[in-house]
Amino acid sequence: MRSRVLSADLATSADPAAVFAELMATQRVSAHDSSTQGAVWLDSGVSAVSGRSYLAVSSRAVLSTELGEPVFEWMRREFIAADIDFSDAPPGFRLGWVGWLGYELRGESMDVAIRSHASTPDAAWLWVDRVIVVDHESQSLSLMALGGGWTGELQQWREQMEGLVVRAAQYGDRPQPSAQSGPPDTSGQGSPSGPREAPVATWRDNDIQYLEMIAQCQHAIVEGEAYQLCLTTNVRVEPAADPVQTYLALRAANPSHHGGFVQAGGVALLSSSPEQFLSIDPAGVIETKPIKGTRRRDSDPVEDDRLKAELLASDKERAENLMIVDLMRNDLGRVCEVGSVVVPKLFEVESYATVHQLVSTVSGRLRADVSTVEAIAASFPAGSMTGAPKHSATLILDSLERSPRGIYSGVFGFVGLDGAVDLAMVIRSIVMDDRGSTIGAGGGITALSVPTEELAEVKLKAAALLAVLGVHAE
């Protein structure tokens, strides 16, 4: 019998945050069960009024550290559109793989040597064949699962999820964590566990060191080695915090249309990313939305509008954005039909809780002989996180930055069974392990950059993430 993606509406609705908390509490109960390998929430945001979000636990995790072969080779073999009946499934993610690709996988996609590898896996993918779907327009919940019908074990799972959502609805009025409520619970149980150790943040580079790296970037640009360089650093926060409570606080404080939670291999990625790396629909239409250009938000509407207008009018920000648009046009041109690559939107301002961003859109149509994995590899890592030209930019940055970027600057999201792809940039994100949390931040350096302003932008980008960990701006 041909497999189908089954869909079933749920009679009860509940706050997605409450559903997530209940789902993760269930996972904790079964933490010693080898059938539970990870969890995901592809999150359209706390204020979403359209689109869908997806929550699931997974019984299969594939980590790059366990593969024994190149990641992209494995993906080319495994990530193939399947002969499955999708007629009952709504658009969007219709089951498949969810995970991340870390920045150091540029070693494979660009055929360059990697000086040092991160402690986190370069890639982690979770097999998701059943999921809770949140429809934000109708404010309803449904289930999707891969199978022949709602019988046997699938019927049992459906009943379990129905009960889980009922419980979530009963507790949906609980106050949500906020950035002002202090560091999240670290007990792993979501309840007070006595006095907490105060979180301590340590930047990899102090201000003087980061300013010196900016100077070296500008020297390389003046010498003609690059046009723009996306220089990054990171900040480490210890001790460890609870990933679930931290993500609930993050999405409340800094909501985004491409937020997400992916937990696999003892690592949790918590993201409030505003930037889409690549989307590909089953018909082969591919799109990327690079971000370059940032201004802070202001509580005064007049000042906020002034900052937004300043961003849109900035020659430096527009030039920086245009460089990355040209780079992404080149990347897509390698895998798309001749003449199909266009820029439907150039220099649009998108506003989020803490920042305004300058965003452009590049799109095209994949050639018939190009797979989705080949399209991903052709553009990885994203030009917005490297600079231009990409190859020389990454080599220069590798010589300056004092540690691997790891998951930060990579991408996360899904590759669906129907061939659809939606991957976001790993920016505005927290990477958590059992010892603590790491936040990456950076910005594009050009010849026109003012070093002190670039330093301030890095601190601005990290501030909202540090706040949910209980660390306040300097």
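Residues numbered from 1 in each chain as written. Predicted model: local features only at pLDDT ≥ 70, side-chain atom pairs only at ≥ 80, totals over all residues. Heavy atoms only, no water.

The name recorded for the protein in an unreviewed UniProt entry is Aminodeoxychorismate synthase, from Rhodoglobus aureus.

### Some points on unusual backbone geometry
Our working rule: The numbering of helices and of strands both runs from the N terminus, where a helix is a DSSP run of H or I of at least 4 residues and a strand a run of E of at least 2.
The linkage connecting Glu238 with the following residue, Pro239, adopts the cis geometry, with an omega of 5°. Summarising the element assignment, Pro239 is placed in the loop between β10 (228–238) and α6 (243–253). A cis amide bond links Ala388 to the next residue, Pro389, at an omega of -10°. One non-glycine residue with positive phi stands out, namely Phe347, at about 60°.

### Some thoughts on helix α8 (residues 315–333)
Note the cut-off: Each helix should span, by expectation, one fewer than its residue count multiplied by 1.5 Å. Accessibility here uses a 1.4 Å probe with only protein chains present; expressed as a share of the type maximum, an area under 20% marks a residue as buried, one over 50% as exposed, and anything in between as partly exposed.
Taking 1.5 Å per residue, 19 residues should reach 27 Å; α8 reaches 26 Å between its end C-alpha atoms and fits that length. The set of residues buried in α8 consists of Lys316, Glu317, Glu320, Asn321, Ile324, Val325, Leu327, Met328, Asp331 and Leu332.

### Details of the pattern of salt bridges
To keep it simple, the criterion reads: Salt bridge, as applied in this entry: a Lys or Arg side-chain nitrogen positioned within 4 Å of an Asp or Glu carboxyl oxygen.
All chains considered together, the criterion is met by 36 salt bridges. A salt bridge links Arg167 to Glu22; its shortest N-O distance comes to 3.1 Å. Here Arg167, found in helix α4 (residues 152–170), pairs with Glu22, found in helix α1 (residues 16–29); they are 145 residues apart in sequence, far enough to count as distant. Overall, the relative accessible area of 15% leaves Glu22 in the buried class.

### A word on the confidence of the model for the protein
Stated formally: A residue's pLDDT is the predictor's confidence in that residue, given on a scale from 0 to 100. Whether two residues touch is decided by their heavy atoms; if any such pair falls within 4.5 Å, the residues are in contact.
With 92% of its residues at a pLDDT of 70 or more, the protein shows a mean pLDDT of 90. Of the regions scoring below 50 in pLDDT, residues 177–193 engages in 37 contacts with residues more than four places distant in sequence or in other chains.

### With respect to the UniProt feature "domain: Chorismate-utilising enzyme C-terminal" (unreviewed entry) in the protein
Operational definition: UniProt positions are given in the numbering used here, feature names are shortened, and annotations may be inferred rather than shown by experiment.
Residues annotated in UniProt with the feature "domain: Chorismate-utilising enzyme C-terminal" (unreviewed entry) correspond here to residues 209–461. With 34% helix and 34% strand, residues 209–461 has its two end C-alpha atoms placed 18 Å apart.

### A few points about the packing of aromatic side chains
Stated precisely, the cut-off is as follows: Pairing of aromatic side chains requires ring centres within 6.5 Å, counting the rings of Phe and Tyr and the six-membered ring of Trp. Pairs whose planes differ by under 30 degrees are stacked, by over 60 edge-to-face, and all others tilted. Only Lys NZ and Arg CZ are tested; either one counts as a charge over a ring when it is within 6 Å of the ring centre and within 35 degrees of the ring normal.
Inspection of every chain in the model, using the stated rule, returns 15 aromatic pairs. When the ring of Trp150 is compared with that of Trp157, the centres are 6.4 Å apart and the planes differ by 10°; the resulting orientation is stacked. For the pair Trp150 and Trp157, a shared accessibility class is recorded, and that class is buried. Following the ring pairs from residue to residue traces out a cluster consisting of Trp74, Phe79, Trp97, Trp125 and Trp127. One Lys or Arg, Arg405, reaches over the ring of Tyr103 and ends 4.3 Å from the middle of that ring. The lysine or arginine in question, Lys459, covers the ring of Trp203, its NZ or CZ lying 5.4 Å from the ring centre.

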